[in-house]
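# Descriptive analysis of the structure
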Amino acid sequence: MALLRGHGAGHGPARKLEASVPSSPRPEAVGQGRGFLCSASALRGGPAAGVGSPARPGPARRAVWGGPAGGEAAAVSQSACGHLQERMPQTPPFAAMFDSSGYNRNLYQSKEDSCGGLYYHDNNLLSGSLEALIQHLVPNVDYYPDRTYIFTFLLSSRLFMHPYELMAKVCHLCIEQQRLSEPGLDKNRIRKIAPKILQLLTEWTETFPYDFRDERMMRNLKELAQRIASGDEMYRKNVQQLLQNLLRKLATVSQYEEVLAKINATSTDRLTVLKTKPQSIQRDIITVCNDPYALAQQLTHIELERLNYIGPEEFVQAFVQKDPLDNDKSCYGDRKKTRNLEAYVEWFNRLSYLVATEICMPVKKKHRARVIEYFIDVARECFNIGNFNSLMAIISGMNMSPVSRLKKTWAKVKTAKFDILEHQMDPSSNFYNYRTALRGAAQRSLTAHSNREKIVIPFFSLLIKDIYFLNEGCANRLPNGHVNFEKFWELAKQVSEFMTWKQVECPFERDRKILQYLLTIPVFSDDALYLASYESESPENHIEKDRWKTLRSTLLGRV
């Protein structure tokens, strides 16, 4: 499978690995560049600080709505009137789903403790059979699962079954238990259960809309929704609204993917362009945008847009493997729909190479030094904004070997600010300094009064690494065959925090000229970067001289 892991858990561009389990990085791949670099041992540092064994949800009592979770209107049993939302179980936003210790017990609603197939310890749900957990997802007249359980199970269930299989089971249970298939269905029965089933479908379609790109999912959704809608005109309108919202989301992501495909299709190597149409590249980044803060704002636009299109399920699907208890399915490869996650990692790579290209291009070293100092200022502004991913991509670009070997250029650079940034993103102690800064930004976001203060864009490759280690460090199944749900509370905690961050709207004004340059200007390949570097500052040893000759012959046709 194509598993994404940030090569930059040190500081190089992220790479795609064709393996089911990422291997440790080669020391030589990580240890090139100046200053702060990550060793193979640092990569094995384990999951994020603060992810220990927080309190987990226990079997709270039956559907008593109130408190932070809002309330289910008493009108459920009355005649259909007013808006459906007034009669629905109200659920908290993502930010309220997990407290600082992991799980917010106060929000958890459950069926009675005697639910078969679920195992609790000290009032905490730890495990259960897959069938029992599916049953626990399905609402009835007296019960609606809490949003934390819905999110956690919908996120993790794809490790055991396809989403369309889960949807089929949920539909079957709803229809059978509520006798929705009976002729002459009692409208009072519909009015009692319909708001809860519709709420569950709303949660699913809003949080995991990409599941419904599968026609089998859409077919099951429409079948269940139509059964509900048959009982009341108001429900028909709400079902129609649900489907319209879902289709709008799917159309938007399709348009986004088409734009990315066009950008990728037109991307060419900068050296090729320079040899064929040199007049087409007359500008550099400082000519396009001479204000580091303005560039940091536009980088944040790109980051937030691409973050927004990553589905929470992509974190899990990146690591899906065969369920050992499922002997019938030999390949889970079709589940790894991680295209938006991959596009985001590719953006990190592009930004790193863009930085290196801009530094290596100028002929005069004073101009190269000016570009380095410019990107140091951009990186500092990214840090202040809370855009850690662009910050790390910029630092990665400056730490690439073709840039770090430019000793005469670096001698002209005032590196004090760069040293501070390197210290903040130092990979030692499992990125302790960065994690501290990230927690500070996350805390600021929770108490923010404006979108500007809400911005938290994590160093993405490290986030993937943390989730990978969490996934690999605990078994999905216990020896008795139960699903290890204790593990999935932890997974959901990390992903739900990301969900909060990705929903922030960028407060900065878009500058199309700058965005166009950042997204489409050709960048150098690895070989072209080395060639430009050697042309700027001559090789220092025989190895570099031999490589320079080879590159000149291969890329320029010169001897």
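All values reported here derive from a predicted model rather than from experimental measurement. (Residues numbered from 1 in each chain as written. Predicted model: local features only at pLDDT ≥ 70, side-chain atom pairs only at ≥ 80, totals over all residues. Heavy atoms only, no water.)

### Some details on the pairing of strand β4 (residues 124-128)
For a regular strand, side-chain orientation follows a simple rule: the groups alternate between the two sheet faces. Of all five residues that make up β4, five are buried, and the element is covered over most of its length. Bridge analysis of strand β3 (residues 118-121) against β4 gives four bridges, and the strand direction is antiparallel. Paired with tyrosine 120 across the two strands is leucine 125, which belongs to β4. Between β3 and β4, which pair antiparallel and follow one another directly, the connecting turn spans two residues, one of which, aspartate 122, has a positive phi of 50°. As judged from the two bridges shared by β4 and strand β5 (residues 483-484), these two strands associate in the antiparallel manner. (Buried < 20%, exposed > 50% of the residue type's maximum accessible area, 1.4 Å probe, protein only. Helix = DSSP H or I, 4+ residues; strand = E, 2+ residues; numbered from the N terminus. Pairing = 2+ DSSP bridges.)

### With respect to the packing of aromatic side chains
The geometry of an aromatic ring pair is captured by two quantities: the separation of the ring centres and the angle between the planes. For the coordinates displayed, the defined rule picks out 25 aromatic pairs. Taken together, a centroid distance of 4.8 Å and an interplanar angle of 80° make the contact between phenylalanine 315 and phenylalanine 498 edge-to-face. Of this pair, phenylalanine 315 sits in helix α12 (residues 313-317) while phenylalanine 498 sits in helix α22 (residues 485-502); the two residues are 183 residues apart in sequence, bridging distant segments of the chain. Pair check on accessibility: phenylalanine 315 and phenylalanine 498 agree, each one buried. For the pair tyrosine 434 and phenylalanine 459, a centre-to-centre distance of 6.3 Å together with 80° between the ring planes defines the contact as edge-to-face. In this pair, tyrosine 434 sits in helix α19 (residues 428-446) while phenylalanine 459 sits in the loop between α20 (451-454) and α21 (460-473), placing the two residues 25 residues apart along the sequence. Neither tyrosine 434 nor phenylalanine 459 differs from the other in exposure class; each is buried. (Phe/Tyr/Trp six-rings, centres within 6.5 Å; stacked < 30°, edge-to-face > 60°.)

### Points about a positive patch on the surface
On the surface, Lys364, Lys365, Lys366, Lys408 and Lys412 cluster together into a positively charged patch. Within the fold, lysine 408 resides in helix α17 (residues 407-410). (Patch = residues over 30% accessible without salt bridge, like charges linked within 9 Å, V, L, I, M, F, W, Y side chains within 5 Å. Areas by Shrake-Rupley, 256 points an atom, 1.4 Å probe, with all protein chains shown as cover. Salt bridge = Lys/Arg side-chain N within 4 Å of Asp/Glu carboxyl O. Lys, Arg positive; Asp, Glu negative; His and termini not counted. Charge placed at Lys NZ, Arg CZ, Asp CG, Glu CD.)

### What about the pattern of salt bridges?
Within the structure shown, the criterion is met by 15 salt bridges. For aspartate 211, the salt bridge is made with arginine 158, and the minimal N-O distance between the two is 2.9 Å. Within this pair, whereas aspartate 211 is found in the loop between α6 (187-207) and α7 (215-229), its partner arginine 158 is found in the loop between α4 (147-156) and α5 (163-177), the two being separated by 53 residues in sequence. For glutamate 223, the salt bridge is made with arginine 227, and the minimal N-O distance between the two is 3.6 Å. With glutamate 223 and arginine 227 both in helix α7 and four residues apart, the pair spans about one turn of that helix. According to the relative accessible area criterion, glutamate 223 is partly exposed, its value standing at 36%. Among the ionic contacts, a cluster of salt bridges with common partners joins Arg213, Glu257 and Arg339.

### Regarding helix α18 (residues 416-424)
Residues separated by three or four positions in an α-helix point in the same direction, a consequence of the helix having 3.6 residues per turn. Within the sequence span of α18, burial applies to Phe418, Leu421 and Glu422. Burial along α18 is one-sided: seen end-on, the buried residues are contained in an arc of 100°. Turned more than 90 degrees away from the buried face of α18 sit Ala416 and Ile420, all of them exposed. (Arc of directions from axis to C-beta.)

### Things to note about the sheet that holds β4
One open sheet holds the three strands; their spatial order is β3-β4-β5, and the pairing between them is antiparallel. Each edge of the open sheet is held by one strand with a lone partner, namely β3 and β5. Set on the sheet, helix α3 (residues 130-137) makes contact with β3, β4 and β5; between it and β3 the angle comes to about 85°. (Contact = heavy atoms within 4.5 Å. Axes fitted to C-alpha atoms, helices over the stretch in contact; angles between N-to-C directions.)

### Some words on the environment of phenylalanine 498
Residue class for phenylalanine 498 comes out buried when judged on its relative accessible area of 1%. The spacing of phenylalanine 498 and leucine 463 is 35 residues in sequence and 9.1 Å in space, taken between C-alpha atoms. For phenylalanine 498, the contacting residues outside a window of four places in its chain are Leu307, Ile310, Phe315, Phe460 and Leu463.

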